[in-house]
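Next come the chains, spelled out residue by residue.
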Amino acid sequence: MDYKIATKCVQAGYTPKNGEPRILPIVQSTTYKYDSSEEMGDLFDLKASGYFYTRLQNPTNDAVAAKIAALEGGVAAMLTSSGQAANFYALFNLCSAGDHIVASSAIYGGTFNLIGVTMKKMGIEATFVDPRATAEELEAAFRPNTRAVFAETISNPSLVVLDIEKFANAAHKHGVPLVVDNTFPTPVNCRPFEFGADIVTHSTTKYMDGHATAVGGAIVDSGNFDWLAHTDKFPGLTTPDESYHGVNYAKDFGKAAFITKATAQIMRDLGSIQSPQNAFLLNLGLETLALRMKQHCANAEKISAWLANDPRVSWVSYPALPDSPDHEVAKKYMPNGTCGVISFGVKGGREAATRFMDSLRLAAIVTHVADARTCVLHPASTTHRQMNDEQLVACGISADLIRLSIGIEDADDIIADLDQALAKA
Ligand SMILES: *Cc1c(COP(=O)(O)O)cnc(C)c1O
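The structure presented is a predicted model; accordingly, all values stated were derived computationally and were not measured.

Analysis parameters
- Residues numbered from 1 in each chain as written.
- Predicted model: local features only at pLDDT ≥ 70, side-chain atom pairs only at ≥ 80, totals over all residues.
- Heavy atoms only, no water.
- Helix = DSSP H or I, 4+ residues; strand = E, 2+ residues; numbered from the N terminus.
- Rg over C-alpha atoms; globule rule 2.2 N^0.38 Å.
- Buried < 20%, exposed > 50% of the residue type's maximum accessible area, 1.4 Å probe, protein only.
- Contact = heavy atoms within 4.5 Å.
- Lys, Arg positive; Asp, Glu negative; His and termini not counted.
- Charge placed at Lys NZ, Arg CZ, Asp CG, Glu CD.
- Phe/Tyr/Trp six-rings, centres within 6.5 Å; stacked < 30°, edge-to-face > 60°.
- Pairing = 2+ DSSP bridges.
- Axes fitted to C-alpha atoms, helices over the stretch in contact; angles between N-to-C directions.

A.B. asks: So what's going on with the overall build of the protein? Residues and values would help.
C.D. replies: A tally of regular secondary structure across the protein gives 17 helices and 12 strands. Taking 425 residues into account, the globule formula puts the C-alpha radius of gyration at 22 Å, and the protein, at 22 Å, falls close to it. Counting only C-alpha atoms, the protein reaches 70 × 55 × 35 Å along its principal axes. The buried share of the protein, taken over its 425 residues, is 55%. Looking at the protein alone, contacts between residues at least 24 apart form 73% of all its contacts between residues at least 6 apart. Put simply, the protein has 36 plus and 47 minus side-chain charges, and the middle of one group is 2 Å from the middle of the other.

A.B. asks: Kindly report on the packing of aromatic side chains, identifying the contributing residues and their values.
C.D. replies: In this structure the tally under the stated criterion is 12 aromatic pairs. Ring centres of F195 and Y333 lie 4.7 Å apart, and the angle between their planes is 80 degrees; this geometry places the pair in the edge-to-face category. With F195 in the loop between α8 (186-189) and β6 (199-203) and Y333 in helix α14 (residues 327-333), the pair connects residues that are 138 residues apart, well separated along the chain. Here the aromatic rings of W227 and F234 are separated by 5.2 Å at their centres, their planes lie at 80 degrees, and the arrangement is edge-to-face. Look at W227 and you get buried, because its relative accessible area is 5%. The class for F234 is buried, based on a relative accessible area of 1%. Each member of the aromatic cluster is reached from another via a ring pair, and the members are F225, W227, F234 and F258.

A.B. asks: Break down the sheet that holds strand β10 (residues 364-365) for me, citing the residues and quoting the values.
C.D. replies: Strand order in the open sheet formed by five strands is β8-β9-β12-β11-β10, with mixed pairing between adjacent strands. Both outer strands of the open sheet, β8 (313-317) and β10, are each paired with one neighbouring strand and no more. As judged from the three bridges shared by strand β11 (residues 375-377) and strand β12 (residues 401-405), these two strands associate in the antiparallel manner. The partner of L377 across the bridge, within β12, is R403. Seen against the sheet, helix α13 (residues 289-308) touches β8, β9 (341-346) and β12 and runs at an angle of roughly 15 degrees to β9.

Okay, here's the thing in structure tokens:
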């Protein structure tokens, strides 16, 4: 049955058989028992499917990964211990030393560092491009050794909405997949595969968990990218893996090639699995995701309009605002809403911003976004503090930017809190 998204949030991934637990059980076991060595050997050879060690597969994690794959409309998914691990694994599954990535410059600070600094140390280079670049400007960023294009559907914290088709076309023209981090809109508001993205990643820490209980990540494969049409570019997927008894992921696993390799090779060797406990919490969050996204967006639409009309506020960025440069792009890719995150500046610059932040009562200062409780952050002094001013500007962040993550409380209470804190700024 192809259910609608709200139904998938509740029901996908786990269907108990007669007499089994109604709620997804937490399989808190590192290992699994077999009657013969031969049966276990077949599992190791990937000849049979089954569980043998939780670093590679766990029934709780698999059910939650299957739910996320269903939400995105993908063929397979894998959970990771964090969003950072998800983005690293997704890219490292495609690239090795000597390769190159084209990445949007408007991305999460941790990912910018991962791609620009840490992966560079591994011999993987990157060219950062403005997400609003023209097709010609994008074109100029590619090299013969480019192996992936990376961007965020709504960038954190600059809130630029990606023209997914433009990026997908550029990637496909060069025979490489488009990897997009879909953390902010979630599949409830945007399903990038419908617009040509090939791989989707998530920090499930944010809206998917939704309650700020567990750090986690996910990678989803659309199954659409034809690895065998680009064997020269992706030998890791299209030639035998000597570290895995000569398995050929593309030939042996077809549409599941990408996730099978990510599991059998990258997760096997690097080991950033999500704990089954955290996957259980994530699943509870996912059950109400569609419901919560509606409230996050309705609140943020009301509050962004209120902020935009307030003389104490110097600027407001929210993709759903009519004067947002991304208004049309957002309408195309996210017709039902974008996300609950707003960024804005307080008149009086950095000092006024600090006084404003310190005067809030309901909204808490936390290094987080996208959970049920309204919270605020000043990226220039926290998440993005490793960047110099030039890099900040390239990421679309000004020194006075306040990132406001609107929760699911009553919008009027949030507005009253912002109002009294602005009075003190
Ligand atoms: C938070 C975040 C990440 C990193 O995820 P963690 O779960 O904190 O490791 C990656 N991308 C985006 C868009 C994020 O918001």
